[in-house]
2 protein chains.
Amino acid sequence: MNLLTLDKRVSMNIIPFSMKINPTPPCVGRPKGFDPDEALEKAMQVFWQKGYEGASLSDLTESMGINRPSLYATFGNKEELFLKVLNRYGEGPAGYVLEALNEATARAVIEKLLRSTVEMLGDPKHPRGCLAVQSALCCGDEANDVQKKTRAFRVAGQKSIFERFERAQQDGDLPASVSADDLARYVAMLLYGLSIQSANGATHEEMKSVIEFALKTLPF
Amino acid sequence: MNLLTLDKRVSMNIIPFSMKINPTPPCVGRPKGFDPDEALEKAMQVFWQKGYEGASLSDLTESMGINRPSLYATFGNKEELFLKVLNRYGEGPAGYVLEALNEATARAVIEKLLRSTVEMLGDPKHPRGCLAVQSALCCGDEANDVQKKTRAFRVAGQKSIFERFERAQQDGDLPASVSADDLARYVAMLLYGLSIQSANGATHEEMKSVIEFALKTLPF
DNA sequence: GTTGTTTTGTATCGAACGGTATGAATCTAT
DNA sequence: ATAGATTCATACCGTTCGATACAAAACAAC
């Protein structure tokens, strides 16, 4: 789910010629005492549970097992760290969203989206809820950029679902009588709603039960 | 929507006999230079937009038009102020939820809930989204109490809807084949989902359109 | 006018925030 | 071994956080 281009050095074409960007990690100097990938995973857990504003640098460095200078040297700052976490979230725990769009029919896409979401939200390895929904839903002025980018992340996911339904109508497996826009927004609503249900403490079984109800009401 | 007992002095029965609590404002001393009700309204707008953690005391006092000592003397502290705001939210902008339960049938209740929610979320007088969903969805350790009480607020609303559907089954206007638990959770999901849709920037018309779609799929 | 009570404005508290300067430590290359 | 490069650990920066101490100001009662 590569919805955002996070590396400004690449996206803005600042670097001339074909200068390589970190082609391989530097072979000189003291090696890192930690695995940046593992550290990023830990950071994701913290942001997932406490949100962008609620996660302090002390929370982050403690969970990541590194100290502040290492964090800043490796990830930039708190905001850049969060954006890298968001990207990781889209490719990892939320990667099922784009995968589900490969299902054969609109109906199958929706079933896969709902069932995968419930599986993800019910996984006790993660904090409750959806990181993209809850970690920067509303915040103070300083975190406005993070809020906007997290919202753009959600909107991009909904747009992908919408485009898949448009294709489904061309393929003929989605009746032309239903609006692809309404349907995409409706499905996104269900996913968002499940996220809040999870945050409310709904059990895995309860969520499984409610999406079966929702699927039964689908008119196609 | 009096879902929470916010005044601990009352709920815990600390005060002996029938000692009155602020029966009438004191007639001696310098009078307040502001209207606490108006100030609370302003505070609600701030928490609604920035969330509990994102709203600083400077944000609050500036919008409320008072200074810090006045805020603390009148509302206790930041947490108590938020809880009073949450109570006000339940009785004001979100008061339609309990009102909707007075509709004659389960179907009418759902229609009223969805349409009233869209009207509330589409009102440009308020910040986007639902205060009870977004203002303390996840946060740091210090705000854990606020998070729990906000979650309890949401869960209480869902429970009220559930109990209304149970009654509807006794009344016979909701088929016994549908689970009242599933249906209440489903409707709450739609309301939560609408809140996130609103935060995502969905227009009033888009939300109106998607709930009409959702209502069309209802099997009763 | 004096006293007693409450509110307001200012100035500030200790703690925590995000972020960094600095030097010791640890590696490769020669 | 030495030099060069990078990372790590400590200690600290300025700012902002929520919360208050204190005294002047504004009222009612007498």
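Presented here is a report on the structure given in the accompanying data block. This one's a predicted model, so the numbers in the text were calculated from it and none came from an experiment. Residue indices begin from 1 for each chain and proceed along its sequence in written order. Working convention: letters from A go to chains and numbers from 1 go to ligands, in the order in which they are written. Only residues with pLDDT of at least 70 are given local features in this predicted model, and only at 80 or more are side-chain atom pairs given and counted; all residues enter the totals for whole chains, interfaces and linings. Excluded from the side-chain calculations are hydrogens and water; all other atoms, namely the structure's heavy atoms, are used.

### Brief notes about the relation of the copies chain B and chain A
Phase 1: Between the two copies, chain B and chain A, the superposition gives an RMSD of 0.0 Å; the rotation angle is 180° and the shift along the axis is 0.0 Å. Considering both components of the superposition, the chain copies are consistent with a two-fold axis. Taking the C-alpha atom as reference, chain B places Gly193(B) closest to the rotation axis, 2.2 Å from it.
Phase 2: Most of the interface of chain B is mirrored in chain A, where 100% of its interface residues again form contacts. Least squares is the method for superposing the copies, and the C-alpha atoms it fits come from residues with pLDDT of at least 70 in both. The contact criterion used is simple: two residues touch if any of their non-hydrogen atoms lie within 4.5 Å.

### What to know about the protein's contact with DNA strand C
Phase 1: Among the 23 residues in the neighbourhood of DNA strand C, the closest are listed as Cys27(A), Leu57(A), Gly33(B), Asn67(B) and Ser70(B).
Phase 2: Any pair of nitrogen or oxygen atoms within 3.5 Å is treated as a polar contact; in protein, a donor-acceptor pairing is required on top of that, and neighbouring residues in sequence qualify only through side-chain atoms on both sides. One of the backbone N or O atoms of Leu57(A) is found 2.7 Å from a phosphate oxygen in DNA strand C.
Phase 3: The separation between a phosphate oxygen of DNA strand C and a polar side-chain atom of Asn67(B) is 2.6 Å.
Phase 4: Each helix corresponds to a stretch of at least 4 residues labelled H or I by DSSP, and each strand to a stretch of at least 2 residues labelled E; elements are numbered beginning at the N terminus. Within the residue set of the surface near DNA strand C, elements represented by two or more residues are helix 4 (68-75) of chain A together with helix 4 (68-75) of chain B.
Phase 5: Sorting elements by how many residues they give to the surface near DNA strand C places helix 4 of chain A first, with 3 residues.
Phase 6: Note on residue categories: nonpolar means Ala, Val, Leu, Ile, Met, Phe, Trp, Tyr, Cys or Pro, charged means Asp, Glu, Lys or Arg, and polar means any other residue, Gly included. In terms of residue class, the surface near DNA strand C is built from 11 nonpolar, 7 polar and 5 charged. A single heavy atom is enough: if one lies within 4 Å of a molecule or strand, its residue is considered near that molecule or strand.

### Comments concerning helix 3 (residues 57-64) of chain B
Residue and element names in this part refer to chain B.
Phase 1: Here the term buried applies to any residue with accessible area under 20% of the maximum for its type, exposed to any over 50%, and partly exposed to those in between, with areas from a 1.4 Å probe on protein chains only. For helix 3, the full list of buried residues reads Leu-57, Asp-59, Leu-60, Thr-61 and Met-64.
Phase 2: Structurally, helix 3 contributes buried residues whose contacts are with helix 2 (36-54), helix 4 and helix 5 (78-91).
Phase 3: After helix 3 finishes, the residue Gly-65 shows a positive phi value of roughly 75°.

### Regarding the environment of Val146(B)
Residues and elements named next belong to chain B.
Phase 1: With respect to the helices, strands and loops of the structure, Val-146 is situated in helix 9 (residues 144-171).
Phase 2: For Val-146, a relative accessible area of 1% corresponds to the buried category.
Phase 3: Between the C-alpha atoms of Val-146 and Leu-57, which are 89 residues apart in sequence, the distance is 16 Å.
Phase 4: For Val-146, the residues in contact, after removing those within four places along its chain, are Tyr-52, Glu-79, Phe-82 and Ala-136.

### A word on the packing of aromatic side chains
Here the distance between the centres and the angle between the planes together describe a pair of aromatic rings.
Phase 1: A pair of aromatic rings is counted whenever rings of Phe, Tyr or Trp (Trp by its six-membered ring) have centres within 6.5 Å, and the orientation is called stacked for planes under 30 degrees apart, edge-to-face for over 60 and tilted otherwise. Tallied over the entire structure, the rule returns 10 aromatic pairs over all chains.
Phase 2: Geometrically, the ring pair formed by Tyr186(A) and Phe213(B) is edge-to-face, given 5.2 Å between the ring centres and 70° between the ring planes. Of the two residues, Tyr186(A) sits in helix 10 (residues 180-200) while Phe213(B) sits in helix 11 (residues 204-217), which places them in two different chains.
Phase 3: A relative accessible area of 1% places Tyr186(A) in the buried class.
Phase 4: Aromatic ring contacts, followed pair by pair, group Phe47(A), Tyr52(A) and Phe82(A) into a single cluster.
Phase 5: Between Lys78(A) and the ring centre of Tyr52(A), over which it is positioned, the NZ or CZ distance is 4.7 Å. Our definition puts a charge over a ring when NZ of Lys or CZ of Arg is within 6 Å of the ring centre and also within 35 degrees of the ring normal.

### Observations regarding the protein's contact with DNA strand D
Phase 1: Around DNA strand D, the structure places 24 residues, and the nearest of them are Gly33(A), Ser70(A), Cys27(B), Tyr72(B) and Lys78(B).
Phase 2: Within 4 Å of the protein, the atoms of DNA strand D are drawn from sugar and phosphate moieties in a proportion of 67%.
Phase 3: In this structure, Lys78(B) approaches DNA strand D through a side-chain N or O atom, which is 2.7 Å from a phosphate oxygen.
Phase 4: At the level of elements, helix 4 of chain A together with helix 3 and helix 4 of chain B are the ones that each hand at least two residues to the surface near DNA strand D.
Phase 5: The element best represented in the surface near DNA strand D is helix 4 of chain B, accounting for 3 residues.
Phase 6: Tallied by class, the residues present in the surface near DNA strand D amount to 11 nonpolar, 8 polar and 5 charged.

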